[in-house]
Amino acid sequence: QVDDLVNAMGKTTLKVQVNVFKNLWGEDHSENRKFLRELFAQFQERKKAAEFITNSYHWEEVFGKDFDEFSKYGLIYLDADGDKSCDDFVPFAGWKHADGKIYTLNNKACGVIMDYISECQPSKQS
């Protein structure tokens, strides 16, 4: 599956976005951690950059509170409060700041449903 994804992306510099939401993953922290390590090993082998879309609640539900070995990767955190500001970011899982914030969900424009993401500035966060 990773080969198919990477091949479909071609030579773009786009990052693979890995969604970590409780309803998309199993309940076993150990199995989820194992799968994520294997997935990222394949991304590294194929020289494909990746980042996460999640928040502290979902991360801890999927991997457990003490799992912080992926904080070197980018993070777009979900806090659909309608506010573009990243001032409400609270560090978790080794991330001291986020790269972006999903601040609204399911916006419809021209027949397309999309989420709105703001860029976060590290100096403005905890």
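Further up the page is the structure itself.
Quick caveat, the model's predicted, so the values are computed rather than measured. (Residues numbered from 1 in each chain as written. Predicted model: local features only at pLDDT ≥ 70, side-chain atom pairs only at ≥ 80, totals over all residues. Heavy atoms only, no water.)

A few words on the pattern of salt bridges. A full pass over the atoms with the stated rule returns six salt bridges. A salt bridge links Arg46 to Glu45; its shortest N-O distance comes to 3.7 Å. Taking the shortest distance from any N to any O, the salt bridge between Asp81 and Lys101 comes out at 3.1 Å. Remark: Lys101 occurs in strand S4 (residues 100-109) and Asp81 occurs in the loop between strand S3 (74-78) and S4; sequence separation between them is 20 residues. (Salt bridge = Lys/Arg side-chain N within 4 Å of Asp/Glu carboxyl O. Helix = DSSP H or I, 4+ residues; strand = E, 2+ residues; numbered from the N terminus.)

S3 sits mainly inside the fold: five of its five residues count as buried. Burial of S3 is two-sided: the residues Gly74, Ile76 and Leu78 facing one way and the residues Leu75 and Tyr77 facing the other way are all buried. Regarding the hand of the β-α-β motif, the stretch spanning strand S2 (residues 50-54), helix H3 (residues 56-63) and S3 is right-handed. (Buried < 20%, exposed > 50% of the residue type's maximum accessible area, 1.4 Å probe, protein only. Right-handed = clockwise from strand over helix to strand, strands pointing away.)

Before going further, it helps to examine the sheet that holds strand S5 (residues 112-119). The five strands are arranged S1-S2-S3-S4-S5 in an open sheet whose pairing can be described as mixed. Two strands lie at the open edges of the sheet, namely strand S1 (16-19) and S5, each paired on one side alone. For this sheet, the mean inter-axis angle between neighbouring strands, taken without regard to orientation, is 35 degrees. Across four bridges, S2 lies against S3 in parallel orientation. Among the inter-strand pairings, Glu51 is bridged to a residue of S3, identified as Gly74. (Pairing = 2+ DSSP bridges. Axes fitted to C-alpha atoms, helices over the stretch in contact; angles between N-to-C directions.)

Next up on the list: the pairing of S4. Bridge analysis of S3 against S4 gives three bridges, and the strand direction is parallel. Looking at S4, one finds that Tyr77 is bridged to Lys101. Bridge count between S4 and S5: seven bridges; the pairing is antiparallel. Counted as the bridge partner of Ala109 is Val112 from S5.

This part takes up unusual backbone geometry. The phi dihedral of Lys47 is positive, around 55 degrees, even though this residue is not glycine. Summarising the element assignment, Lys47 is placed in the loop between helix H2 (29-45) and S2. The backbone phi angle of Asn106 is positive, close to 55 degrees, even though this residue is not glycine. Here Asn106 falls in the exposed class, since its relative accessible area comes to 58%.

Let us look at the state of the cysteines. One pass over the structure, following the stated rule, counts one disulfide. Each sulfur of the disulfide joining Cys86 and Cys120 lies 2.0 Å from the other. As the torsion about the S-S bond is roughly -70 degrees, the Cys86-Cys120 disulfide counts as left-handed. Residue Cys86 is located in the loop between S3 and S4, and its partner Cys120 is located in the segment after S5; the two are separated by 34 residues in the primary sequence. (Disulfide = S-S within 2.5 Å.)

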